[in-house]
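# Remarks on the overall topology
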Amino acid sequence: MTTHTQNRTARAARLRTLSLTALATTAAAAAALTLTSTSAHAAETKQPTAPAAPTTGDSQPGGSGYANNLDGWIKESLAIMKAKGIPGTYEGLHRNIMRESSGNPNAQNGWDVNAQKGTPSKGLLQVIQPTFNAYHVNGTAHSLTDPVANITAAANYAADRYGSIDNVNSAY
């Protein structure tokens, strides 16, 4: 093996190690945050108001009037977030969804520390069940993989932890 090849192999191994260390550290911090109980959740302290008018397009089976696609799920979540006083924008939600799941509501992480402990992150914004339970927003489905419930719970968590989903620019 040449010195150049050995250096490249060693560099690739270091990068893998650093990447795994960073992921493990981030996941451990997320797990620790998930296990921390909070006495109040951002969305539950606000009085509900009427949601924004739905968009037109193919509506979801539940008859919400929002398109049954990523655009519709984000818009429906934004209407609920506005009614509950949860900050966030379309751009912030979309950016984080694309990073976390590429827009796949059935995405599941089967390899990180949470998954290794039996609690994989799931859905559009890769939420683990304990975080979903703690930050679930009334008026959304009680299903971690329901697109609107997943987005809204994740935005509620991000608002409590970071001030807004708009302030999240990496794994949270």
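Preceding block: the structure.
Let me begin by describing the structure that accompanies this report. Bear in mind the structure is a predicted one, so any value in this text is a computation, not a measurement.

What counts, and where the lines are drawn
- Residues numbered from 1 in each chain as written.
- Predicted model: local features only at pLDDT ≥ 70, side-chain atom pairs only at ≥ 80, totals over all residues.
- Heavy atoms only, no water.
- Salt bridge = Lys/Arg side-chain N within 4 Å of Asp/Glu carboxyl O.
- Helix = DSSP H or I, 4+ residues; strand = E, 2+ residues; numbered from the N terminus.
- Buried < 20%, exposed > 50% of the residue type's maximum accessible area, 1.4 Å probe, protein only.
- Expected span 1.5 Å × (residues − 1).
- Contact = heavy atoms within 4.5 Å.
- Polar contact = N/O pair within 3.5 Å; in protein donor to acceptor, adjacent residues only side chain to side chain.

## Brief notes about the pattern of salt bridges
Following the criterion strictly, the structure yields three salt bridges and no others. For Glu-91, the salt bridge is made with Arg-95, and the minimal N-O distance between the two is 2.8 Å. Note that Glu-91 and Arg-95 are positioned in helix α3 (residues 90-101) at a spacing of four residues, about one turn of the helix. Among the residues examined, Glu-91 registers a relative accessible area of 49% and is labelled partly exposed.

## Some points on helix α2 (residues 70-84)
Between its first and last C-alpha atoms α2 spans 21 Å; for 15 residues at 1.5 Å apiece the expected length is 21 Å, and the two agree. Of all the positions in α2, only Leu-70, Gly-72, Trp-73, Ile-74, Glu-76, Ser-77, Ala-79, Ile-80, Met-81, Ala-83 and Lys-84 are classed as buried. Where α2 is buried, its residues meet α3 and α6 (147-162). Where α2 begins, one side-chain oxygen reaches toward the backbone nitrogen of Asp-71, 3.1 Å away; that side chain belongs to Asn-69. Positive phi shows up at Gly-85, right after α2, with a value of about 75°.

The analysis is restricted to geometry; functional conclusions fall outside its scope.
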